[in-house]
Amino acid sequence: DTLDLHGGDWRIAGVSLRGTAAAESLNPQDGLYTLLVRDRDQLHGRVIASLAQVIAAAQQPRLAREALIAPGIKIVTLTVTEKAYGLERPDGAVMPEHPAVAHDLANPEDPQGVLGLLAWALGERRRRGLAPFTILCCDNLPSNGRLLRAGVCDFADRVAPGLGAWISSNVSFPCTMVDRITPAVTQQTLSDAAAMLACKDLAAVETEPFSMWVVEDDFPQGRPAWEDAGVLMVDDVSPYEHMKLRVLNGAHSLVAYVGHVAGHVYVRDALSDEVLAHALDTYMRCAAQTLQSVAGIDLADYIVATRQRFANPAIAHATHQIAMDGTEKLPQRILDPARDCLMQHRDIVPFAFAVAAWMRYCLGVTESGQHYSLRDPREDEIKAVLRGPTEDAQSIVTALMTLPGLFPLELRDSPVWRRTVADFLRIMLASGMAAALSSFVS
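Residues numbered from 1 in each chain as written. Predicted model: local features only at pLDDT ≥ 70, side-chain atom pairs only at ≥ 80, totals over all residues. Heavy atoms only, no water.

*Asks:* Could you clarify how one ought to interpret the environment of arginine 268 in this entry?
*Replies:* Residue placement: arginine 268 occurs in helix 10 (residues 267-270). Taking C-alpha positions, arginine 268 is 7.3 Å from isoleucine 315, a pair spaced 47 residues apart along the chain. Setting aside chain neighbours within four positions, we find arginine 268 in contact with Phe310, Ala311, Asn312, Pro313, Ala314, Ile315 and Ala316. In this structure the side chain of arginine 268 is engaged in a polar contact, spanning 2.7 Å, whose partner is the backbone oxygen of proline 313. (Helix = DSSP H or I, 4+ residues; strand = E, 2+ residues; numbered from the N terminus. Contact = heavy atoms within 4.5 Å. Polar contact = N/O pair within 3.5 Å; in protein donor to acceptor, adjacent residues only side chain to side chain.)

Written out as structure tokens, the structure is:
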């Protein structure tokens with residue numbers, strides 16, 4: 001959008017750290033791809049031309065490193081999902097046992113992961129006298145810029161003493177909040193793009209009409225005029241971030257766990273259940289009460305818009321896709337507001353219900369008997385603690401709440417919290433999700 005408005009020489013060099021599909025589909029198309037926007041009975045599309053190249057780092061690690069030290073690179077953005085960073089929360093210390101972190105600590109001159117590549121590139125730019133790039137994290141992490149700064153500095157000091165302090169003093173890590181539902185690409189996506197273009201597009205993607213970008217305005221090396229394309233450039237992202245994580249993302253996770261266990265493939269199908277839709281409204285209103293005021297946002301309108309977005313019949317957003325990586329998402333989406341409500345003697349019931357739904361999801365079988373993978377980085381650990389009886393709600397609650405580093409101490413030590421979660425889980429196990437939902441909204 002910014003290029004359309006102003007032209008100029010800003011473009012994007014894409015780097016895929018693990019997979020090769022993006023490079024294999026985009027490079028033969030000169031980086032061009034179709035963006036489809038689905039809005040109920042309407043479909044719009046446009047060709048995006050801001051990508052200059054895409055590098056598959058697993059196949060061409062040297063090219064990926066060269067891209068990071070190119071003088072023309074001013075900003076490095078990251079959308080790698082929460083689990084790829086290898087960061088402890090909330091302090092941002094590195095996780096030495098994380099596979100990518102472990103490799104890069106042992107091979108700092110041949111990095112493959114996020115922290116290793118960033119630390120190596122910044123160290124090399126310093127050595128060559130090149131200005132450091134700005135690092136812009138766009139993933140759903142709390143205070144994402146500050147968290148990533150802590151992780152990069154910690155990693156850098158482990159491999160090059162003094163580098164972390166230099167990065168802390170010289171590199172900008174703006175925080176962001178990015179909000180747009182983007183389902184996984186399907187054959188329908190590719191077919192619709194081909195029909196619209198009258199040619200094959202191997203890299204088409206689809207999304208919803210809604211889009212909200214909020215970015216902390218701290219770019220020492222310059223940036224595109226994103227504000228002219230609707231981005232909110234602000235001094236403090238945190239109110240918007242908390243709004244999205246707690247209201248939208250928390251509600252999304254709730255729908256995903258309940259819906260997948262109950263047999264709903266897509267979020268839109270789950271929202272056809274009026275009891276679930278009512279439960280969702282109750283949850284979002286309670287989550288909104290944990291927020292400070294958000295400039296320019298009416299929270300009541302935001303809740304209505306969120307429910308409408310989830311119910312959009314044109315968006316096929318799979319419940320299993322949203323439910324994945326639960327141990328990475330739960331803390332900032334559900335557990336943090338739950339702790340706040342507990343400490344402030346406010347209603348914890350909606351959050352306890354959501355956690356019970358996650359625990360039921362962790363059993364790995366739908367109500368119809370279909371088994372599934374949790375697709376969680378701690379899946380083996382979850383399975384290990386659930387090896388005992390899976391009909392006893394209290395035992396499941398105890399086992400999952402003792403997973404190291406997941407639940408805040410205030411929740412772990414609260415008999416009221418544990419009992420409320422167990423009561424909902426007991427109904428889910430004995431009578432199913434529909435009964436549990438009815439109990440929640442009654």
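Now that the structure has been shown, we can carry on.
*Asks:* Would you mind going over the pattern of salt bridges with me for this structure?
*Replies:* Should the charged atoms of two oppositely charged side chains come close, the side chains can pair. Here the structure, examined in full by the defined rule, presents 22 salt bridges. Its salt-bridge partner being glutamate 227, residue arginine 223 comes within 2.7 Å of it at the nearest N-O pair. The partly exposed category is assigned to glutamate 227, whose relative accessible area is 38%. By sharing partners, the salt bridges in this structure join Asp1, Asp4 and Arg46 into a single network. (Salt bridge = Lys/Arg side-chain N within 4 Å of Asp/Glu carboxyl O. Buried < 20%, exposed > 50% of the residue type's maximum accessible area, 1.4 Å probe, protein only.)

*Asks:* Before we go on, may I ask you to explain the sheet that holds strand 3 (residues 42-48) in this structure?
*Replies:* Read from one edge to the other, the open sheet built from three strands follows the order 3-2-8, with strand pairing classed as mixed. On the outer flanks of this sheet lie strand 3 and strand 8 (205-207), each paired with one strand and no other. Adjacent strand axes in the sheet meet at a mean angle of 25° when their direction is disregarded. Where strand 2 (residues 33-39) and strand 3 come together, seven bridges link them in antiparallel fashion. Looking at strand 3, one finds that arginine 38 is bridged to leucine 43. The sheet strands contacting helix 8 (residues 187-197) are strand 2, strand 3 and strand 8, and the helix crosses strand 2 at an angle near 105°. (Pairing = 2+ DSSP bridges. Axes fitted to C-alpha atoms, helices over the stretch in contact; angles between N-to-C directions.)

*Asks:* Is there a simple way to explain the sheet that holds strand 7 (residues 176-179) in this structure?
*Replies:* Pairing between sheet strands relies on hydrogen bonds along the backbone, with the strands arranged either parallel or antiparallel. What the three strands build is an open sheet, ordered 7-9-10; its pairing is mixed. Lying at the two open borders of the sheet, with one neighbouring strand each, are strand 7 and strand 10 (232-234). Averaged over all pairs of adjacent strands, the angle between their axes in this sheet comes to 15°, without regard to strand direction.

*Asks:* Would you mind showing me how to read the packing of aromatic side chains here?
*Replies:* Any aromatic ring pair is given by two values, namely how distant the centres are and how the planes are angled relative to each other. Within this structure, the stated rule accounts for eight aromatic pairs. Measuring from ring centre to ring centre gives 5.3 Å for tyrosine 257 and tyrosine 361, while their planes differ by 50°; the resulting arrangement is tilted. Here tyrosine 257, found in helix 9 (residues 238-262), pairs with tyrosine 361, found in helix 15 (residues 349-361); they are 104 residues apart in sequence, far enough to count as distant. A single burial state applies to tyrosine 257 and to tyrosine 361, both of which are buried. (Phe/Tyr/Trp six-rings, centres within 6.5 Å; stacked < 30°, edge-to-face > 60°.)

*Asks:* Which parts of the structure should I look at to understand the nonpolar core?
*Replies:* The nonpolar side chains of a soluble globular protein tend to be buried, and buried together. If you look at the biggest cluster of nonpolar residues, it comprises 80 residues, and the most contacted ones within it are Trp358, Met359, Phe407 and Trp417. Top element by residues in this core is helix 9. It accounts for 11 residues. Of all hydrophobic cores here, the second largest spans 31 residues; its members include Leu115, Trp120, Cys153 and Phe155. (Core = buried A, V, L, I, M, F, W, Y, C linked by side-chain atoms within 4.5 Å.)

*Asks:* Teacher, can you tell me more about the side chain of arginine 125 here?
*Replies:* Secondary-structure assignment places arginine 125 in helix 5 (residues 114-128). Buried and unpaired, arginine 125 has glutamate 124 as its nearest opposite-charge partner, separated by 10 Å. A distance of 3.3 Å separates a polar side-chain atom of arginine 125 from the backbone oxygen of isoleucine 73. Apart from residues no more than four positions distant in its own chain, arginine 125 is found in contact with Leu68, Ile69, Ala70, Pro71, Ile73, Leu130, Ala131, Pro132 and Phe133. (Lys, Arg positive; Asp, Glu negative; His and termini not counted.)

*Asks:* Help me understand unusual backbone geometry, please; the structure alone is not making it clear to me.
*Replies:* Residues other than glycine predominantly adopt negative phi, and peptide bonds predominantly adopt the trans conformation. Even without a glycine there, the phi angle at aspartate 30 is positive, about 55°. A positive phi angle, near 60°, is found at aspartate 325, a position not held by glycine. Tracing the sequence through the fold places aspartate 325 in the loop between helix 13 (319-323) and helix 14 (326-343).

*Asks:* Just to check I follow, could you spell out the pairing of strand 9 (residues 212-216) for this structure?
*Replies:* Regular strands have side chains that alternate between both faces of the sheet. Of all five residues in strand 9, four are buried, a share of seventy percent or more. The pairing of strand 7 with strand 9 spans four bridges and is antiparallel. Along strand 9, the bridge assignment pairs threonine 176 with valine 215. The pairing of strand 9 with strand 10 spans three bridges and is classified as parallel. Considered in strand 10, the bridge of valine 215 is made with methionine 233.

*Asks:* What is the right way to look at helix 5 in this model?
*Replies:* Residues three or four positions apart in an α-helix share a direction because the helix packs 3.6 residues into each turn. Counted at 1.5 Å a residue, the expected span for helix 5 with its 15 residues is 21 Å, and the 21 Å between its end C-alpha atoms agrees. Burial runs high along helix 5: 12 of the 15 residues are buried. For helix 5, the complete set of buried residues consists of Val114, Leu115, Gly116, Leu117, Leu118, Ala119, Trp120, Ala121, Leu122, Gly123, Glu124 and Arg125. If you follow the buried residues of helix 5, they end up packed against helix 3 (61-68), strand 5 (75-78), helix 4 (99-106), strand 6 (134-137), helix 6 (144-159) and helix 7 (163-170). Phi turns positive one or two residues past the end of helix 5, at glycine 129, with a value near 75°. (Expected span 1.5 Å × (residues − 1).)

*Asks:* Help me out: how do you make sense of the environment of alanine 356 in this one?
*Replies:* Relative to the helices and strands, alanine 356 resides in helix 15. As a C-alpha pair, alanine 356 and isoleucine 427 span 71 residues in sequence and 9.8 Å in three-dimensional space. Those residues in contact with alanine 356 that lie beyond four places of it in its chain are Val421, Phe424, Leu425 and Met428.

*Asks:* It is not clear to me how the state of the cysteines should be interpreted in this structure. Could you clarify?
*Replies:* Each disulfide is one covalent bond, formed between the sulfur atoms of two cysteines. Considering all chains together, one arrives at zero disulfides under this definition. Cysteine 137 supplies the cysteine sulfur nearest to cysteine 175, a cysteine that is in no disulfide, at a spacing of 8.5 Å. The buried category is assigned to cysteine 175, whose relative accessible area is 2%. With no disulfide of its own, cysteine 341 lies 4.5 Å from the sulfur of cysteine 286, the closest cysteine sulfur. (Disulfide = S-S within 2.5 Å.)

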